[in-house]
Amino acid sequence: MSDEAVYPVTDHFRNKALIDKETYESMYQRSIQDPESFWAEQAKRLDWMKPFSRVKDVSFASDDVHIRWFDDGTLNAAANCIDRHLEERSGQPAIIWEPDEESEDNRVITYAELHEEVSRLANGLKSLGVKKGDIVTLYMPMVPEAAYAMLACARIGAIHSVVFGGFSPEALAGRIDDGGSKVVITADEARRGGKRVPLKANVDEAVSLCKESSVDNVVVLKATGGNVDFNGNRDIWYRDLVGKQSDQCEPEEMGAEDTLFVLYTSGSTGKPKGVVHTTGGYLLHTSITHEYVFDYRPGEVYWCSADVGWITGHSYVVYGPLANGGTTMMFEGVPTYPDVGRLGRIIDKYKIATFYTAPTAIRSLMAEGDAPVANADLSSLKLLGTVGEPINPEAWRWFHQKFGKGQCPIVDTWWQTETGGILISPLPGAIDLKPGSATKPFFGVQPALMDPEGNEMEGATSGGLVLKDSWPGQMRTILGNHQRFVETYFSTYEGCYFTGDGAKRDEDGYYWITGRVDDVLNVSGHRMGTAEVESALVSHDAVAEAAVVGCPHEIKGQGIYVYVTLTHGQSPSDELAKELKQHVRKEIGPIATPDVIQWADGLPKTRSGKIMRRILRKIAADEFDSLGDTSTLADPNVVDDLIEGHRVAA
Ligand code: WT7
């Protein structure tokens with residue numbers, strides 16, 4: 001990989017981009033030098049019910065972390081995403097939905113229809129007793145009703161907690177319990193790539209597993225018509241609930257700092273954390289980044305392929321594009337069903353202007369050569385985007401050539417569940433591209449690189465990636481545990497938000513994210529805590545101890561590599577390996593399925609009993625020559641055994 005390959009701003013964007021080079025420079029400078037006036041001005045892009053008088057009230061000091069933006073202003077997120085567009089674009093498509101099965105009818109939902117659907121469901125939720133500040137759990141397929149449900153919550157001031165439909169009943173139960181939801185919205189089944197996921201059955205099981213919550217109502221959308229058990233005292237069909245409601249529902253006046261949603265994400269230790277995002281700052285951040293990073297113009301059809309169960313789906317399928325009066329595409333299926341040409345056909349069918357996806361999807365298509373684009377026109381595309389993990393330059397070039405025909409810039413957008421929206425990314429009219437680099441900070445974003453002693457480093461170098469000041473979309477706390485929030489993000493480098501990522505900065509000031517420096521894995525762009533997978537494994541009777549690390553994986557970026565020490569009397573077998581994989585799927589979900597299980601009689605521990613993961617990572621990656629110092633191990637001999645075991649397992 002070379003830093004030399006530069007793809008300059010294309011003619012198309014040089015002449016007509018919303019933000020050109022000079023504008024980027026001057027706006028960026030102003031956003032850093034005078035954030036208050038910069039953000040006060042940008043906040044005009046939202047409709048406020050009551051204007052704010054304070055812009056920013058932030059402290060990153062570890063003894064007093066607080067983050068507040070526009071905190072005496074009031075607004076409603078759903079009104080900003082729907083109502084205010086009605087005058088000009090009531091007949092314009094807000095959401096276009098493409099079903100899993102290509103032969104089925106698609107759905108086009110105009111802003112007027114979105115207003116009606118969301119208002120009816122909002123009234124329906126009220127009729128179930130949902131009030132401002134209550135948490136409603138959503139466990140939905142990729143269908144428009146998932147967006148309706150998010151916006152209906154926002155409309156009445158309820159907090160949505162979306163749980164990805166691929167998570168297990170156990171994982172769902174933990175999330176319902178943590179937030180104390182009384183209402184769950186789900187569907188009979190989800191469909192993906194011709195397969196079905198029994199969402200309602202999973203909810204039934206989750207509800208029975210809940211320890212803290214008592215779920216009063218489960219709202220069930222008939223999505224596939226599949227069979228479900230129906231508990232008449234608790235369950236209610238979605239269409240029965242909304243059918244009898246009025247299509248008018250006054251949006252609730254919300255404080256800018258009132259919580260809009262909670263979304264769970266994995267950390268290096270402990271259970272998944274409920275990331276709290278609030279109303280004003282989050283909506284401003286997703287709206288402004290969606291417009292400028294994607295150079296979005298109303299009328300264009302924009303497609304982000306993420307599931308609404310992840311932050312990317314929240315920010316760039318739902319809130320960002322709808323806040324901007326855009327047309328957002330929702331695809332129920334997967335890139336390879338019924339065949340690898342599907343994405344190309346969707347792009348042509350809807351004349352997609354911008355396609356935003358994940359490197360793992362690109363790599364899985366790249367493995368098919370020209371087939372994914374062979375019969376596609378793709379001339380509607382003007383811009384491509386990636387998110388979720390570093391993109392290897394080879395995949396970048398393939399995407400650029402095959403989908404972009406060498407004409408469309410690729411915005412490689414770095415951000416996190418915690419950041420709410422994009423923080424480091426090219427703007428297509430302002431920043432020359434380097435494949436594999438997320439390039440430059442967005443307005444108001446102040447990245448810095450730290451050495452291990454906690455000193456900021458200047459110039460071309462690499463280190464721990466921190467952010468020195470707040471941005472409006474930043475998470476505010478961890479649900480129910482502010483202390484954990486402080487410890488996780490503000491205790492490594494005093495006065496800074498620590499991202500958990502390492503990065504390199506080159507001579508041109510471009511950032512190259514090198515990946516997590518903590519015990520968090522990135523599997524197909526999804527975050528997975530090693531501790532979570534380990535605790536799932538040790539909950540199986542046969543497992544005495546488990547250590548989980550990432551290993552290189554051609555398609556997923558990182559695979560899940562597991563070292564297992566069995567309990568006395570158990571012996572390794574292929575059946576047991578299969579059973580353990582199945583066990584993890586059941587505990588967490590299919591995305592956590594281990595790729596490799598290596599049997600290990602012992603793990604490399606220091607004399608104080610701490611597992612040296614560095615060594616396990618090196619062995620999993622076949623890098624036996626660079627194991628580093630092993631002399632502090634309690635028993636250095638385990639290393640040879642592990643290397644031997646790796647040759648057998650891999
Ligand atoms: C982690 C955040 C942001 C939505 C999807 C993932 C990695 C994300 C990039 C990128 C290099 C990236 C980081 C980050 N990451 N985007 N463009 N280049 N790395 O959200 O699950 O919260 O994961 O994903 O390691 O910390 P998430």
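Residues numbered from 1 in each chain as written. Predicted model: local features only at pLDDT ≥ 70, side-chain atom pairs only at ≥ 80, totals over all residues. Heavy atoms only, no water.

## With respect to the overall build of the protein chain
Next, step 1: From N to C terminus, the protein chain includes 20 helices and 31 strands.
Next, step 2: Relative to the 2.2 N^0.38 estimate, which gives 26 Å for 650 residues, the radius of gyration of the protein chain is 24 Å and therefore close to what a compact globule would have.
Next, step 3: Across its three principal axes, the protein chain shows a C-alpha extent of roughly 75 × 60 × 60 Å.
Next, step 4: Burial status across the protein chain gives 60% buried among its 650 residues.
Next, step 5: Surface summary for the protein chain: the accessible area is close to 24500 Å², and the carbon and sulfur share equals 46%.
Next, step 6: The averaged location of the 94 negative side-chain charges in the protein chain is 2 Å from the averaged location of its 64 positive side-chain charges. (Helix = DSSP H or I, 4+ residues; strand = E, 2+ residues; numbered from the N terminus. Rg over C-alpha atoms; globule rule 2.2 N^0.38 Å. Buried < 20%, exposed > 50% of the residue type's maximum accessible area, 1.4 Å probe, protein only. Areas by Shrake-Rupley, 256 points an atom, 1.4 Å probe, with all protein chains shown as cover. Lys, Arg positive; Asp, Glu negative; His and termini not counted. Charge placed at Lys NZ, Arg CZ, Asp CG, Glu CD.)

## Looking at the sheet that holds strand β5 (residues 107-110)
Next, step 1: The mixed open sheet is built from 7 strands, whose spatial order is β5-β4-β17-β16-β18-β19-β20. Either end of the sheet is taken by a strand with one partner, and the two such strands are β5 and β20 (410-413). Taking each pair of neighbouring strands and ignoring which way they run, the sheet shows an average axis angle of 20°.
Next, step 2: Where strand β4 (residues 93-98) lies against strand β17 (residues 327-331), 4 bridges are found, and the strand directions are parallel. Among the inter-strand pairings, E98 is bridged to a residue of β17, identified as F331.
Next, step 3: This element, helix α12 (residues 311-323), spans β4, β16 (301-304), β17, β18 (352-357) and β19 (383-387) of the sheet and lies at about 150° to β17. (Pairing = 2+ DSSP bridges. Axes fitted to C-alpha atoms, helices over the stretch in contact; angles between N-to-C directions. Contact = heavy atoms within 4.5 Å.)

## Description of the environment of Y264
Next, step 1: Here Y264 shows up in strand β14 (residues 259-265).
Next, step 2: On the basis of relative accessible area, Y264 is assigned to the buried category, the value being 9%.
Next, step 3: A C-alpha to C-alpha distance of 34 Å links Y264 and K351, two positions 87 residues apart in sequence.
Next, step 4: When neighbours within four sequence positions are excluded, Y264 is seen to be in contact with S161, R175, D178, G179, P272, K273, G274 and L479.
Next, step 5: A polar contact is formed between the side chain of Y264 and the side chain of D178, at a distance of 2.6 Å. (Polar contact = N/O pair within 3.5 Å; in protein donor to acceptor, adjacent residues only side chain to side chain.)

## Focus on the nonpolar core
Inside soluble globular proteins, nonpolar side chains tend to come together where they are buried.
Next, step 1: Judged by nonpolar contacts, the single largest core of 160 residues is most densely connected at F70, L114, L151, Y319, L427 and F443.
Next, step 2: Setting aside its immediate chain neighbours within four residues, L427 contacts I19, Y24, Y292, V293, F442 and F443.
Next, step 3: Judged by nonpolar contacts, the second largest core, of 28 residues, contains I347, I362, F403 and C408. (Core = buried A, V, L, I, M, F, W, Y, C linked by side-chain atoms within 4.5 Å.)

## Examining unusual backbone geometry
Next, step 1: Geometrically, the link from Y337 to P338 is a cis peptide bond, its omega value of 0° lying close to zero.
Next, step 2: Relative to the helices and strands, P338 is located in the loop between β17 and α13 (342-350).
Next, step 3: Positive phi values are uncommon outside glycine, yet D622 reaches one of about 70°.
Next, step 4: Within the secondary structure layout, D622 lies in the loop between α19 (613-620) and α20 (638-649).

## Overview of the pairing of β17
Next, step 1: A large share of β17 lies buried, amounting to 5 of its 5 residues.
Next, step 2: Of the two faces of β17, both are covered, the one formed by T327, M329 and F331 as well as the one formed by T328 and M330.
Next, step 3: Pairing of β16 with β17, which is carried by 3 bridges, proceeds in the parallel orientation. Residue pairing for β17: Y302 is matched across the bridge by T328.

## Some points on the sheet that holds strand β23 (residues 461-467)
Next, step 1: Strand order across the open sheet formed by 5 strands is β22-β21-β23-β25-β26, with antiparallel pairing between neighbours. Lying at the two open borders of the sheet, with one neighbouring strand each, are β22 (456-457) and β26 (511-516).
Next, step 2: Here strand β25 (residues 497-505) pairs with β26 via 5 bridges, running antiparallel. Bridge pairing in β26 links G502 to G515.

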